Every structure is written in C-alpha cells, then in structure tokens.
Amino acid sequence: RVAIVGAGVSGLTVGVALAETYGKHLEFTIFAEKFSPDTTSDRAGGIFIPGVANHDSDDFARDMRTWAPPTYHYFDHLCKSPGGSECGVFRTPLYKFHSKAYQPPSWLCEELYPDYRELSQNEAKGMGLPYQGFESIATFTTFLVRGTVYLPWLMKIFQ
C-alpha cells in the first residue's frame, strides 16, 4: 500500500508515476488537507525550470540530475501522447533573465534544453525585452503545467 501525501502537482505526479510503474501491485490512498481546485498548485502556474536555484552545491546538483530528466521526459511523453492537450501540460518558449552571470550545467542544455541560447543585447532589444539591469537573457523551450487542468486529469487516474 502507498500513501500519497498531498494532492498537488508533486504528490499526484509521483503517485501516477508509481501507478504506471507498478500498476495493480499497489493500492493508493491520497492524504491531503485540500484537493483541486483548492490547492496551491491550482493557483500557481507551474513552469518546469530545473536549475533555477543555486546549483553550486554538490547535493543540489546530484538531486537535480536525478529528478529533472525523468520529469522532463514524463512531461514530454504527455505532450506527445494522443489526447495530450487534455492533461494541461504544454510546451512553451521561455525567456530567463539573469541578474548575474549564469552558466547552466552542460547536461541541462544537452539533455533537456537543446535550444537553450543566450540572447545578445541587440537581439533582446529588437524583441522588446528589457536588457538594462540584467547580465544576460536566455531563451529555451520548456513545459507549462496548468494546475487547474492537470490536477483533475491526474485524479481521474486514481478513480
């Protein structure tokens, strides 16, 4: 038996991953103070951006390297699946503004964001992006998770 603590994006996504991996061998119970549409995940737009925190720590780098690729591939699979638009996970271009020099880990760009690139000041200005006050601006494609759609979609898997 498996207890899922929390009915937000993290708890339900992990529960679904376990259900898909172990199927009928597990029995799930979800424990949560609130369920959709009353969770934080319903109100916060979820953008998948691993590596936004300080990645200088060895523990953080190891943990991010462990969870980021499977999460990316899971969202990518959802987007490419028949009916994928119904789950509330979408590909989206992103512009990331850096107030100080930033170099993402090489594996992050190689495995998850092959289209990652830094914009020149002229390119950013030509796109109407404010460059003043920022060290750099990067662009890449990532995933947007709409909690108001994704959470009810995940809950259907447990019903």
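Whatever comes next refers back to the structure up there.
Let me begin by describing the structure that accompanies this report.

Basis of the calculations
Residues numbered from 1 in each chain as written. Predicted model: local features only at pLDDT ≥ 70, side-chain atom pairs only at ≥ 80, totals over all residues. Heavy atoms only, no water. Salt bridge = Lys/Arg side-chain N within 4 Å of Asp/Glu carboxyl O. Helix = DSSP H or I, 4+ residues; strand = E, 2+ residues; numbered from the N terminus. Buried < 20%, exposed > 50% of the residue type's maximum accessible area, 1.4 Å probe, protein only. Phe/Tyr/Trp six-rings, centres within 6.5 Å; stacked < 30°, edge-to-face > 60°.

## A word on the pattern of salt bridges
Close approach of charged atoms lets side chains of opposite charge pair.
At step 1: Counting across every chain of the model gives 3 salt bridges.
At step 2: Here Asp 76 and Lys 80 are joined by a salt bridge, their closest N and O atoms 3.0 Å apart. Of this pair, Asp 76 and Lys 80 both sit in helix α3 (residues 58-80), separated by 4 residues, roughly a single helical turn.
At step 3: Assessed through its relative accessible area of 61%, Lys 80 is described here as exposed.
At step 4: For Asp 76, the salt bridge identified is with Arg 91, shortest N-O distance 2.2 Å. Taken together, the residues Asp 76 in helix α3 and Arg 91 in strand β4 (residues 89-98) connect sequence positions 15 residues apart.

## Notes on the packing of aromatic side chains
At step 1: Taken as a whole and assessed by the stated rule, the structure comprises 13 aromatic pairs.
At step 2: Ring geometry for Phe 48 and Tyr 72: centres 6.4 Å apart, planes at 45°, overall tilted. One end of the pair, Phe 48, is in the loop between β3 (46-47) and α3; the other, Tyr 72, is in helix α3, and 24 residues separate them in sequence.
At step 3: Arranged with centres 5.9 Å apart and planes meeting at 85°, the rings of Phe 48 and Phe 75 form a pair that is edge-to-face. Of this pair, Phe 48 sits in the loop between β3 and α3 while Phe 75 sits in helix α3; the two residues are 27 residues apart in sequence, bridging distant segments of the chain.
At step 4: When its relative accessible area of 7% is taken as the criterion, Phe 48 is described as buried.
At step 5: Judged by its relative accessible area of 5%, Phe 75 is buried.
At step 6: Connected via pairs of aromatic rings, a cluster forms that spans Phe 48, Trp 67, Tyr 72, Tyr 74, Phe 75, Tyr 113, Tyr 116, Phe 140, Phe 143, Tyr 150 and Trp 153.

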